[in-house]
Protein chains: 2
Amino acid sequence: MRSLDTQISEFQGIVGNSGILQGDDVSNRSERIWTDETVQARAIIRPRSTQQLSDVLRLCYERDQPVVIHGGLTGLVDGARTTNTDIVVSTELMNEIEFIDPIARTMTVQAGVKLQQIHEAAESEGLLFPLDLGARGSCSIGGNIATNAGGNRVIRYGMTRDMVLGLEAVLADGTIMSSMNDMIKNNAGYDLKHLFVGTEGSLGVVTRAVLRLRELPLTDEAVFMSVDEFDNLPKILKRMDQRLGGTLTSFEVMWNDYYSLICDDGTEHTPPVSINHPYYVLLEAWGGDSKLDHARMEAAVESVYQEHLISEAAIAQSSTQRNAFWAIRDDVEKCMTIKPTFVFDVSLRIGDMEAYVVEVNRRLTERFGTYRIFTFGHLGDGNLHFAINTGTDPDDQLPVERCVYEPLRSINGSISAEHGIGLEKKEFLDISRNEIEIDLMRTLKKSLDPKGILNPGKIFEFTV
Amino acid sequence: MRSLDTQISEFQGIVGNSGILQGDDVSNRSERIWTDETVQARAIIRPRSTQQLSDVLRLCYERDQPVVIHGGLTGLVDGARTTNTDIVVSTELMNEIEFIDPIARTMTVQAGVKLQQIHEAAESEGLLFPLDLGARGSCSIGGNIATNAGGNRVIRYGMTRDMVLGLEAVLADGTIMSSMNDMIKNNAGYDLKHLFVGTEGSLGVVTRAVLRLRELPLTDEAVFMSVDEFDNLPKILKRMDQRLGGTLTSFEVMWNDYYSLICDDGTEHTPPVSINHPYYVLLEAWGGDSKLDHARMEAAVESVYQEHLISEAAIAQSSTQRNAFWAIRDDVEKCMTIKPTFVFDVSLRIGDMEAYVVEVNRRLTERFGTYRIFTFGHLGDGNLHFAINTGTDPDDQLPVERCVYEPLRSINGSISAEHGIGLEKKEFLDISRNEIEIDLMRTLKKSLDPKGILNPGKIFEFTV
């Protein structure tokens, strides 16, 4: 490996002085959200164009220099973690919205654009980019694509993958692979974007993308319900999905442990329904008819009430009330006030969910005796989140992970519904994926990044 | 290569006598729909299980024996064409629906199951598998997956890719790669199914799949409209999509050449609107509220009428009337009564469509003087179909293809919206995909099928 100085001057030739951060500018940068750790790296290179990024990667490839791509650094699985021998390439200066086509309903963006900028630009054309998550103000679309981000509206609009029509990626050796399809239907050869969506920067670097936009909804109806039996939840989902036609946008479930924590002090949140039920549903539907959609929601809620599937229901009568409902669901940080809190993101069949939650609690009791657990999630997608605290020992993380992940093995659940694998979940990957699948992942890695320079060590072991 | 007899006896050891067709049983089989040609092959092997299929492929791999997979043989681009040195592996005996989970709303199927069986099995549980196409009675789900089939409901439910949660595929060397995910959200490592969806059997053989089911709609509203200016079409699409919330299921457009052909004789079809307009829209919305959905459609249609976007509208008042509307759109074979008729399936931005259709006609006029053209398509997805007749010479196919495909180059259109590339469109692939994309397709082919035994010669040239 060449000296740092030689290498830096080569990078300077590509991106200029202002395109490189070194020393304190690197080590003062937070490694990700919710942590005190900072970035370790030889330098942070900030290309301003795909061509510059390609030139940087070509150089790294020639020098066998490991590279980690940084977007908004809002990932939760150590997918962007670096060591002090890595070069970081940040997309932060590639932050232009290049083009909006309001007729085709597409937007062409560079990888460093923040999700919230995309929302605002779409809305200014009366359109919607449906992906939404708490980190919207800081996460970049390149990172959303690399991790196939999910969020609250997957039941209707899908994951990030389903919102990307085409993309441009730079391969490990610097090749610019432009596959900027902007059509909903295109079966002319392999759909190459899937190599770069959800592969966590391990097969190439997403530099630009064409996003599919949707019509901005004209109406928004939300309802909060209390439910006494788990088995009623999928029945409510089914009935409401059926009655609301294609307008059901979110179906969130909170267990009593979560709902009572958030609402019990009676100060910040007004409980929409009483706090003595085991399950709570927050459901939202986006429609297009301001005269009829409220009546449609009322009739749908009435039908599940008549079927004795719910105990109580509060239908939002204003946007203020709707926001108050969502504030309860979104107040997740209240679960994390006791440190350390371990947060999980698993996925499983709804039919397995009740027994699985019981089993996780059984294992936690057996291992730790007392603990605190808060349970909530996007039940409509089979996605559950836990926030678990077992005391003050950060080394409890691994045994807690075992309690949560191991019971997924026999029911073919996923250790990662939406956050990805990164480094954090790597040792548990075999719970959700078999050896032949992981071998095939390695085959792809080997053919696209034979020297293993891209995001090394993430997702699975790969040795050259 | 071993003698045919030796090879056949080896296959017999795997699938038994009844699992092999030879001689007339091969050459009497039609090669695909709408042709008089028959299958050319050394034999047709019909495994009954994934294991048998894997054993057959392993043997072919060891012997460098080219293999073409046959499903329902309803493809339109010579994607399943064989030569007399190929072995055909047919999935026709792998035709079981293994499992329906009505709570998770999934169905597990073998590759040889017909699409219509899947529809019927889903409906018996009050559920819907939204993929639908004319060949539903004969096409197999394995073929639908391998070609990423589209159809009339893509605007709401997506392509086949969007309806497959997981799959099992056999790789060229016989390895069984089981990735039978059944969850909507699963970001645990690479999503491997995309290697086998839409890659036309060139990277592996799909043997089983987990399909995502939806709620069966409770209401069905259809409207037929006449339109005087092309520019109104995307405005109507936008307005109706907005007003109908998430319920818009189809947005089909017919040019006057198509509509007047189908309706003009006044016997078979009753024209829902007059036949002297340049464009016609057939729109459908599926909802869940029998009391309100008709009123919503009436209000939405009224709004585009008030905006002077449409001339006339007929809203179906019964399922009989709705079926009569669709019978007009579906009577495509009437365009093909004069032989030879060349049929196309292209995709482009709606904003480019009017000028593109004019340009195709200009080129046809310049080249052929007189010709017949019928224009229709899934405009909501940017997908246009043409049926073109230039006389009686089958050799006109290539120059007609040039008239249709070449103008797509400068506007980044697709030569194949939904049919795929196969052999038929292979020489035009470079119109829609650049050299680096095609190189990357070859990289994948090389790493998954290094000997090139799977569906050789299709999509792009590949030499070992």
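Residues numbered from 1 in each chain as written. Chains lettered and ligands numbered in written order. Predicted model: local features only at pLDDT ≥ 70, side-chain atom pairs only at ≥ 80, totals over all residues. Heavy atoms only, no water.

Turning our attention to the relation of the copies chain A and chain B. The operation relating the pair of chain copies consists of a rotation about an axis and a translation along that axis. When chain A is fitted to chain B, the best match, at an RMSD of 0.0 Å, comes from turning it 180° and sliding it 0.0 Å along the axis. Taken together, these values place the two copies in the relation of a two-fold axis. It is Gly 246 of chain A whose C-alpha, among those of chain A, lies nearest the rotation axis, at 2.2 Å. A high fraction, 100%, of the interface residues of chain A reappear at the interface in chain B, so the copies pair face to face through one surface. (Least-squares fit on C-alpha atoms with pLDDT ≥ 70 in both. Contact = heavy atoms within 4.5 Å.)

What follows deals with the interface of chain A and chain B. Interface size is commonly expressed as the accessible surface area that is lost when the partners come together. Taken together, the 96 residues of chain A in the interface contact 96 residues of chain B. For the pair chain A and chain B, the summed buried surface comes to about 7,100 Å²; carbon and sulfur atoms form 57% of the total. Across the chain A-chain B interface, the total number found is 13 salt bridges. Looking at the side of chain A that touches chain B, the elements that each hand over two or more residues are helix H6 (154-157), strand E9 (176-179), strand E11 (214-215), helix H7 (232-243), helix H9 (293-306), helix H11 (350-368), helix H13 (429-432) and helix H14 (435-448) of chain A. It is H14 of chain A that provides the largest number of residues to the side of chain A that touches chain B, a total of nine residues. Of the residues in the side of chain A that touches chain B, the class split is 36 nonpolar, 35 polar and 25 charged. (Buried area = accessible area lost by both parts, 1.4 Å probe. Salt bridge = Lys/Arg side-chain N within 4 Å of Asp/Glu carboxyl O. Helix = DSSP H or I, 4+ residues; strand = E, 2+ residues; numbered from the N terminus. Nonpolar A, V, L, I, M, F, W, Y, C, P; charged D, E, K, R; others polar.)

Take helix H7 (residues 232-243) of chain B next. Residue and element names in this part refer to chain B. An ideal rise of 1.5 Å per residue puts 16 Å on 12 residues; H7 measures up with 16 Å between its terminal C-alpha atoms. Among the residues making up H7, those that are buried are Asn 232, Leu 233, Pro 234, Ile 236, Leu 237, Met 240, Asp 241 and Gln 242. At the exit of H7 stands Gly 245, carrying a positive phi of roughly 60°. (Expected span 1.5 Å × (residues − 1). Buried < 20%, exposed > 50% of the residue type's maximum accessible area, 1.4 Å probe, protein only.)

To continue, consider the sheet that holds E9 of chain A. Residue and element names in this part refer to chain A. Read across the open sheet, the five strands follow the order E5-E6-E10-E8-E9; overall the sheet is antiparallel. Edge positions in the sheet fall to strand E5 (97-101) and E9, since each has one partner strand and no second. Between one strand and the next, the sheet's axes are offset by a mean angle of 10°, whatever the strand orientation. Pairing analysis gives five bridges linking strand E6 (residues 106-110) to strand E10 (residues 205-212), with the strands arranged antiparallel. When the sheet's bridge partners are listed, Met 107 is paired in E10 with Leu 211. (Pairing = 2+ DSSP bridges. Axes fitted to C-alpha atoms, helices over the stretch in contact; angles between N-to-C directions.)

As a further point, take the environment of Trp 255 of chain A. Residue and element names in this part refer to chain A. Inspection of the secondary structure puts Trp 255 in strand E13 (residues 248-255). Owing to a relative accessible area of 8%, Trp 255 belongs among the buried residues under this scheme. Measuring from C-alpha to C-alpha, the distance between Trp 255 and Val 404 comes to 16 Å, with 149 residues separating the pair along the chain. Among residues more than four places away in sequence, those in contact with Trp 255 are Phe 230, Pro 278, Tyr 279, Met 353, Val 357, Thr 375, Phe 376, Leu 379 and Leu 384.

Omega for the peptide link from Lys 339 of chain A to Pro 340 of chain A comes to -10°, which places this bond in the cis form. Tracing the backbone shows Pro 340 of chain A in the loop between helix H10 (319-330) and strand E16 (342-347). Positive phi is not limited to glycine here, since Asn 455 of chain A has a value of about 40°. Phi angles above zero are rare outside glycine, and Asn 412 of chain B is one such case at about 55°.

Each pair of packed helices gets described by two things: the angle between the helix axes and the distance between those axes. Residue and element names in this part refer to chain B. Two elements in contact, helix H1 (residues 4-15) and helix H3 (residues 50-62), have axes separated by 9 Å at closest approach and are oriented at 160°. Compared by their axis directions, H1 and H3 come out roughly antiparallel. For the element pair H1 and H3, the recorded crossing hand is right-handed. From H1, Glu 10, Phe 11, Ile 14 and Val 15 reach across to H3, where they touch Gln 52, Asp 55, Val 56, Leu 59 and Cys 60. Residues belonging to the contact of H1 with H3 are distributed by class as follows: six nonpolar, one polar and two charged. (Parallel < 35°, antiparallel > 145°, perpendicular 65-115°, else oblique. Left-handed = near helix turned anticlockwise from the far one by under 90°.)

All chains considered together, the criterion is met by 24 aromatic pairs over all chains. Taken together through their ring pairs, the aromatic side chains of Phe 224, Tyr 259, Tyr 280 and Phe 325 of chain A make up a single cluster. Here the guanidinium or amino end of Arg 367 of chain B rests over the ring plane of Phe 368 of chain B, the centre of that ring lying 4.8 Å away. (Phe/Tyr/Trp six-rings, centres within 6.5 Å; stacked < 30°, edge-to-face > 60°. Lys NZ or Arg CZ within 6 Å of the ring centre and 35° of its normal.)

Another aspect to go through is the side chain of Gln 242 of chain B. Assignment of secondary structure puts Gln 242 of chain B in helix H7. Overall, the relative accessible area of 13% leaves Gln 242 of chain B in the buried class. Residues in contact with Gln 242 of chain B, not counting those within four places in the same chain, are Glu 215, Leu 216, Leu 218 and Gly 288 of chain A.

Moving on to the pairing of strand E5 (residues 97-101) of chain B. Here is the key point about a regular strand: its side chains alternate between the two faces of the sheet. All names here are of chain B. Examined bridge by bridge, E5 and strand E6 (residues 106-110) share four bridges and lie antiparallel to one another. Paired with Asp 101 across the two strands is Thr 106, which belongs to E6. Between E5 and E6, which pair antiparallel in sequence order, lie four residues; one of them, Arg 105, sits at a positive phi of approximately 60°.

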